[in-house]
Amino acid sequence: MIPYQTKIKKLPGTSYGEVVKHAYFLFNQIKKKTKRRPYIKSAYFDKQKIFFDYFLEHLFQKSPKERLKRLKYFGAALELMRKSKNHPTSEENPHKKGEILHRFAGLTTDRELFYAQIKEEKRNGKKYFMSCFPEN
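Just so we're clear, the structure is a prediction, and the values are computed from it rather than from any experiment.

Reading the values: rules and limits
Residues numbered from 1 in each chain as written. Predicted model: local features only at pLDDT ≥ 70, side-chain atom pairs only at ≥ 80, totals over all residues. Heavy atoms only, no water. Axes fitted to C-alpha atoms, helices over the stretch in contact; angles between N-to-C directions. Helix = DSSP H or I, 4+ residues; strand = E, 2+ residues; numbered from the N terminus. Contact = heavy atoms within 4.5 Å. Nonpolar A, V, L, I, M, F, W, Y, C, P; charged D, E, K, R; others polar. Polar contact = N/O pair within 3.5 Å; in protein donor to acceptor, adjacent residues only side chain to side chain. Core = buried A, V, L, I, M, F, W, Y, C linked by side-chain atoms within 4.5 Å. Buried < 20%, exposed > 50% of the residue type's maximum accessible area, 1.4 Å probe, protein only. Patch = residues over 30% accessible without salt bridge, like charges linked within 9 Å, V, L, I, M, F, W, Y side chains within 5 Å. Areas by Shrake-Rupley, 256 points an atom, 1.4 Å probe, with all protein chains shown as cover. Salt bridge = Lys/Arg side-chain N within 4 Å of Asp/Glu carboxyl O. Expected span 1.5 Å × (residues − 1). Parallel < 35°, antiparallel > 145°, perpendicular 65-115°, else oblique. Left-handed = near helix turned anticlockwise from the far one by under 90°.

Trainee: Give me the packing of helix 1 (residues 16-32) against helix 4 (residues 74-83): which residues, what numbers.
Mentor: Their axes nearest at 9 Å, the elements helix 1 and helix 4 cross at an angle of 35°. Of the residues in helix 4, those touching helix 1 at Ala-23, Leu-26, Phe-27 and Ile-30 are Phe-74, Gly-75, Leu-78 and Arg-82. Class assignment of the residues belonging to the contact of helix 1 with helix 4 gives a composition of six nonpolar, one polar and one charged.

Trainee: Explain the side chain of Glu-79 to me, and be specific about the residues and the numbers.
Mentor: Counting through the fold element by element, Glu-79 comes out in helix 4. At a separation of 3.1 Å, a polar atom in the side chain of Glu-79 contacts the main-chain amide nitrogen of Lys-7. With residues up to four places along the chain from it excluded, the contact list for Glu-79 reads Tyr-4, Gln-5, Thr-6, Lys-7, Ile-8 and Ser-84.

Trainee: How would you summarise the side chain of Arg-70 if you had to cite specific residues and measurements?
Mentor: Positionally, Arg-70 belongs in helix 3 (residues 64-71). Among the polar contacts listed, one links the side chain of Arg-70 to the side chain of Ser-131, at a separation of 2.5 Å.

Trainee: Outline the nonpolar core, listing residues and values.
Mentor: Taken as a class, soluble globular proteins show a tendency for nonpolar side chains to be buried jointly. Counting residues in each nonpolar core, the largest one holds 28 residues, and the members touching the most others are Phe-52, Leu-71, Phe-74, Met-81 and Phe-129. Among the elements of the structure, helix 1, helix 2 (55-59), helix 3, helix 4, strand 6 (113-121) and strand 7 (127-134) are those that each provide at least two residues to this core. If one sorts the elements of this core by residue count, helix 4 sits on top with six residues. Apart from the residues lying within four places of it in its own chain, the contact partners of Phe-129 are Ile-50, Phe-51, Phe-52, Tyr-54, Phe-55, Phe-74, Ala-77, Met-81, Ala-116 and Gln-117.

Trainee: Tell me about a nonpolar patch on the surface, and please be specific about residues and values.
Mentor: On the surface, a cluster of nonpolar side chains totalling about 260 Å² of accessible area is made up of Tyr-24, Leu-56 and Phe-60. The class for Phe-60 is partly exposed, based on a relative accessible area of 43%.

Trainee: I'd like a description of helix 1, backed by residues and values.
Mentor: Each turn of an α-helix holds 3.6 residues, which means side chains three or four residues apart point in the same direction. Here helix 1 contains 17 residues, and its C-alpha end-to-end distance of 24 Å stays within 8% of the 24 Å for a straight helix at 1.5 Å per residue. On the buried face of helix 1, the contacting elements are strand 2 (39-42), helix 3 and helix 4.

Trainee: So what's going on with the packing of helix 1 against helix 3? Residues and values would help.
Mentor: Contact geometry for helix 1 and helix 3: axes closest at 10 Å, N-to-C directions at 40°. The orientation of helix 1 relative to helix 3 falls into the category oblique. In this structure, helix 1 crosses over helix 3, and the sense of that crossing is left-handed. On helix 3, the residues that touch Tyr-16, Val-19, Val-20 and Ala-23 of helix 1 are Pro-64, Arg-67, Leu-68 and Leu-71. Looking at the contact of helix 1 with helix 3, its residues break down into seven nonpolar, no polar and one charged.

Here it is, written out as structure tokens:
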């Protein structure tokens, strides 16, 4: 898997409150573009929509320290999902047989490796952004 080189750095800030402000600013820009569920269109999936229904739910299952680490990569993950045409690693979800998990690799401008994970439902083909996280 070849990582996609983004043009965005990690979100700035040292505390959770600082990083959340930047992440919500980016998310609200996406949210303003539609009256319904927020989404972005992916280059890899031929401009199909990727929804954010499960992202916050998944994020708040993590500890505050882990949330901070993951949110720092939110902006870079958005660019990765929008523009990357590199093939992800795809595997069937071991917990649910009707889902496929796609994991895209990306590099920030600081050359830090991170991943963005997208869940695809086999039945209807809908895609949901699940998480973004650093390599380690």
